[in-house]
Amino acid sequence: MEHINIKQINEDLKDKSPSEIIGWALSVAKNPVVTTNFRPYEVAILHACTHVNAELKVIWCDTGYNTPQTYKHANELIHSLGLNVHLYVPQQTTAHRDTIMGIPQIEDPQHKIFTEQVKLEPFTRAMEEHKPDVWFTNLRNGQTAFRDSINVVSLSKDGVLKVSPFYNYTDEQLDAYLEENELPNEFTYFDPTKVLENRECGLHS
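Below is a short write-up of the structure. For every chain, the first residue of the written sequence is number 1, and numbering continues from 1 onward in sequence order. This being a predicted model, a pLDDT of at least 70 is required before a residue's local features are given, and a value of 80 or more before pairs of side-chain atoms are given or counted; all residues contribute to the totals for chains, interfaces and linings. Side-chain numbers here rest on the full set of heavy atoms in the structure, without hydrogens or water.

### Side note on the environment of glutamate 186
Applicable threshold: Helix and strand assignments follow DSSP, with helices taken as H or I runs no shorter than four residues and strands as E runs no shorter than two, numbered in order from the N terminus. Each residue's exposure class comes from its accessible area (1.4 Å probe, protein chains only) as a fraction of the maximum for that residue type: buried when under 20%, exposed when over 50%, partly exposed otherwise. By the convention used here, residues are in contact when the closest approach between their heavy atoms is within 4.5 Å. For this analysis, a polar contact is any N or O atom pair within 3.5 Å, provided that within protein one partner can donate a hydrogen and the other can accept it, and provided that sequence-adjacent residues contribute only side-chain to side-chain pairs.
Mapped onto the elements of the fold, glutamate 186 is located in the segment after α8 (171-180). Assessed through its relative accessible area of 18%, glutamate 186 is described here as buried. Apart from the residues lying within four places of it in its own chain, the contact partners of glutamate 186 are Arg39, Pro40, Gln69, Thr70 and His73. A distance of 2.8 Å separates a polar side-chain atom of glutamate 186 from the backbone nitrogen of threonine 188.

Written out as structure tokens, the structure is:
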């Protein structure tokens, strides 16, 4: 995918709907995946992608620290959308880690080790095992400075075509999408690697 013209693709896709963007991406993909952690609004990308390709591989990297609400939400979506989930979890159990280090604050030297164990290693393992050429994410413009610097389509550092069909959607537009398709949302989400109390995942950046 290294030789494609990302700028031209984004120009061609700028007025397209999420389903049209997904359709285009699947037409050039040999081994597509969508990644999720079932955080708020993830249902949109899961619904949109599997509506176009019901068999699309869904990679779920579960830190082991999700809220009960998130686990219930995930279970509901896996069944209602018929998701083809491939689950990846840390190699250490949560109970083991809680005993050894707990959840370190971001300034704690152990925070880097914690993040590697619960987030980076499972994600890296998933990508190495599946070797996708197209990777669907729910990144959106305005979420972070980094996310502002990409677009609907970008190349990951490993040369994977990263596609964010809802990149230009606002929260209000996503709310309308969920309402129109009668999809549930869940806001009680916890990312243990973030410093804030109600932590939100930054893996996809």
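### Considerations on α8
To be explicit about the condition: Read the arc as the range of directions from the helix axis to the C-beta atoms.
Of all the positions in α8, only Leu174, Tyr177 and Leu178 are classed as buried. When α8 is viewed along its axis, its buried side chains cluster within an angular range of 95 degrees and face the same direction. Every exposed residue of α8 that faces more than 90 degrees away from the buried side is listed here: Glu172, Glu179 and Glu180. Looking at the buried residues of α8, the elements they touch are α3 (42-52). Positive backbone phi, at 55 degrees, marks glutamate 182, one or two positions downstream of α8.

### With respect to the pattern of salt bridges
So the rule is basically this: For this analysis, a salt bridge means a side-chain nitrogen from Lys or Arg found within 4 Å of a carboxyl oxygen belonging to Asp or Glu.
Applying the stated criterion across every chain, the model contains five salt bridges. Ionic pairing is found between glutamate 42 and arginine 39, a salt bridge with its closest N-O pair at 3.3 Å. With its nearest N and O atoms 2.7 Å apart, the salt bridge here joins aspartate 191 to lysine 119. Of the two residues, aspartate 191 is situated in the segment after α8 and lysine 119 in helix α6 (residues 111-130); the sequence distance between them amounts to 72 residues.

### Section: the side chain of asparagine 66
You can see asparagine 66 is positioned in the loop between β2 (57-61) and α4 (68-80). A polar contact is formed between the side chain of asparagine 66 and the side chain of aspartate 62, at a distance of 3.0 Å. Beyond its immediate stretch of four places on either side in the chain, asparagine 66 contacts Asn37, Trp60, Tyr71, Tyr189 and Phe190.

### Quick notes on the packing of aromatic side chains
Put simply, the rule reads: Within 6.5 Å between ring centres, the rings of Phe, Tyr and Trp (the latter by its six-membered ring) count as paired, and their orientation is classed by plane angle as stacked under 30 degrees, edge-to-face over 60, tilted in between.
Scanning the model with the defined rule gives seven aromatic pairs in all. Each ring, one from tyrosine 65 and one from phenylalanine 114, has its centre 5.5 Å from the other, and the planes form 55 degrees; the classification is tilted. Of this pair, tyrosine 65 sits in the loop between β2 and α4 while phenylalanine 114 sits in helix α6, and the two are 49 residues apart along the sequence. Using a relative accessible area of 10% as the deciding quantity, one classes tyrosine 65 as buried.

### Section: unusual backbone geometry
One non-glycine residue, phenylalanine 38, adopts positive backbone phi at about 60 degrees. In this structure, phenylalanine 38 sits in the loop between β1 (32-36) and α3. Not every positive phi belongs to a glycine, and lysine 131 is a case in point at roughly 45 degrees. Positionally, lysine 131 belongs in the loop between α6 and β4 (134-136).

Take it as geometry only, folks, not as evidence of what the structure does.
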